[in-house]
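Analysis of the macromolecular model
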Amino acid sequence: MRAFDSYNPIVIFIYFLTVTVIAMFAFNPVMILITLFSEVVTTLLLRREKSGRFFGYLVLIFLITSLANPVFSHNGVTVLFVLNDNPVTLEAVLYGVSMGTLIVAVLLLMRVFSGMMTGDKILYIMGTTSPKLALLISMNLRFIPMFSRQATKMEQTQTALGRYQDENALDDIAIKMNIFSMLITWGLENGIITADSMSARGYGSGRRTNYSNYRFRKNDAFILIGIVLIAAVTIGLIAADKVNYSFYPHMSGIPHSAGAVICYILYGLMCLFPVVNEIGVRIKWRYLESRI
């Protein structure tokens with residue numbers, strides 16, 4: 001048993017692709033809660049996320065999405081109250097809450113994905129079919145954390161120079177705009193330097209060859225077959241309307257047939273697979289340590 005991010009990049013990519021597709025198209029409250037719970041646990045366990053700012057952004061996105069839907073959508077038959085001659089319905093409120101929860105869960109899923117799928121793994125997957133697109137995606141993934149680190153350095157420098165005034169909001173806004181302008185200039189200069197460096201190394205002058213130290217092992221094949229089989233059964237149950245749920249015009253009951261329960265269990269196992277795998281790895285490691 002290996003850590004989940006040490007599996008072949010093809011296995012990791014197909015796993016995240018199937019989970020994301022199922023999460024986005026199976027708009028069922030139970031499956032949305034399964035997705036949110038599993039991704040919160042995965043983020044805390046695998047990424048050891050401790051950034052309160054990131055979770056604060058997620059809460060803000062959830063609140064905006066939850067409040068925006070009942071304001072702009074007035075579908076539903078259960079009217080809670082009337083705001084500016086527009087009815088606010090219970091169905092619209094719960095739909096917004098479900099949509100906000102799904103968006104937060106998918107964002108957590110993408111954060112875990114970005115932590116596991118590094119640039120070299122993307123080049124491994126797409127290098128033979130579309131090397132230019134693979135290079136573009138890997139460079140974008142590289143520039144995102146670089147921009148964040150550079151923005152933090154610029155802000156710390158401006159703070160050390162005493163540019164920020166605690167009681168002057170206009171100056172603070174002007175300085176932040178100045179930092180943003182400097183960051184854009186730095187990004188353009190960095191892009192030009194990267195392009196010149198690649199040109200000096202002969203990129204684009206001939207036929208490219210790809211090197212990769214990733215190998216597709218038997219363990220990867222077993223994991224991939226399991227993911228594909230579970231995903232196929234789950235998608236089949238969803239296509240058969242076993243977990244179909246509607247909010248409008250009135251909310252239907254939560255599906256709880258045998259097929260729905262099987263779908264919930266299989267989807268939960270799929271979502272929690274990285275967590276279960278990580279727990280298995282840690283147990284195995286503790287066992288091996290105890291025998292030393």
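Our structure's up above, just so we're on the same page.
Our subject in this report is the structure included herewith. These numbers were taken from a predicted model, which means no experiment stands behind them.

**Details of the side chain of Asn 8**
You can see Asn 8 is positioned in the segment before α1 (9-25). Polar contacts involving the side chain of Asn 8 include one to the main-chain carbonyl oxygen of Arg 215, which spans 3.3 Å. For Asn 8, the contacting residues outside a window of four places in its chain are Tyr 124, Tyr 214, Arg 215, Phe 216 and Asp 220.

**A word on unusual backbone geometry**
Phi at Asp 241 takes a positive value of approximately 65 degrees, unusual for a residue other than glycine. Its place among the elements puts Asp 241 in the loop between α8 (218-239) and α9 (258-271).

**With respect to the nonpolar core**
If you look at the biggest cluster of nonpolar residues, it comprises 39 residues, and the most contacted ones within it are Phe 16, Met 31 and Tyr 267. Elements supplying a minimum of two residues to this core: α1, α2 (29-47), α4 (90-116), α8 and α9. Examining the composition of this core, we find that 7 residues originate from one element, α1, more than from any other. Contacts of Phe 16, omitting those with residues within four sequence positions, involve Phe 4, Leu 109, Val 112, Phe 113 and Met 116. Membership of the second largest hydrophobic core comes to 7 residues, among which are Met 154, Ile 175, Leu 183 and Trp 186.

**Side note on the packing of aromatic side chains**
Across all of its chains, the model carries 5 aromatic pairs by this definition. For the ring pair Phe 27 and Tyr 95, a centre distance of 5.2 Å and an interplane angle of 45 degrees mean the geometry is tilted. Of this pair, Phe 27 sits in the loop between α1 and α2 while Tyr 95 sits in helix α4; the two residues are 68 residues apart in sequence, bridging distant segments of the chain. Judged by relative accessible area, Tyr 95 falls into the partly exposed class, the value being 24%. Between Phe 147 and Trp 186, the ring centres sit 5.4 Å apart and the planes meet at 75 degrees, which makes this aromatic pair edge-to-face. A residue pair is termed long-range when its members are at least 10 positions apart, and Phe 147 in helix α6 (residues 131-160) and Trp 186 in helix α7 (residues 169-200) qualify at 39 residues. By the ring-pair criterion, three or more aromatic residues cluster together here, those being Tyr 15, Phe 16, Phe 113 and Phe 273.

Criteria and cut-off values
Residues numbered from 1 in each chain as written. Predicted model: local features only at pLDDT ≥ 70, side-chain atom pairs only at ≥ 80, totals over all residues. Heavy atoms only, no water. Helix = DSSP H or I, 4+ residues; strand = E, 2+ residues; numbered from the N terminus. Polar contact = N/O pair within 3.5 Å; in protein donor to acceptor, adjacent residues only side chain to side chain. Contact = heavy atoms within 4.5 Å. Core = buried A, V, L, I, M, F, W, Y, C linked by side-chain atoms within 4.5 Å. Buried < 20%, exposed > 50% of the residue type's maximum accessible area, 1.4 Å probe, protein only. Phe/Tyr/Trp six-rings, centres within 6.5 Å; stacked < 30°, edge-to-face > 60°.

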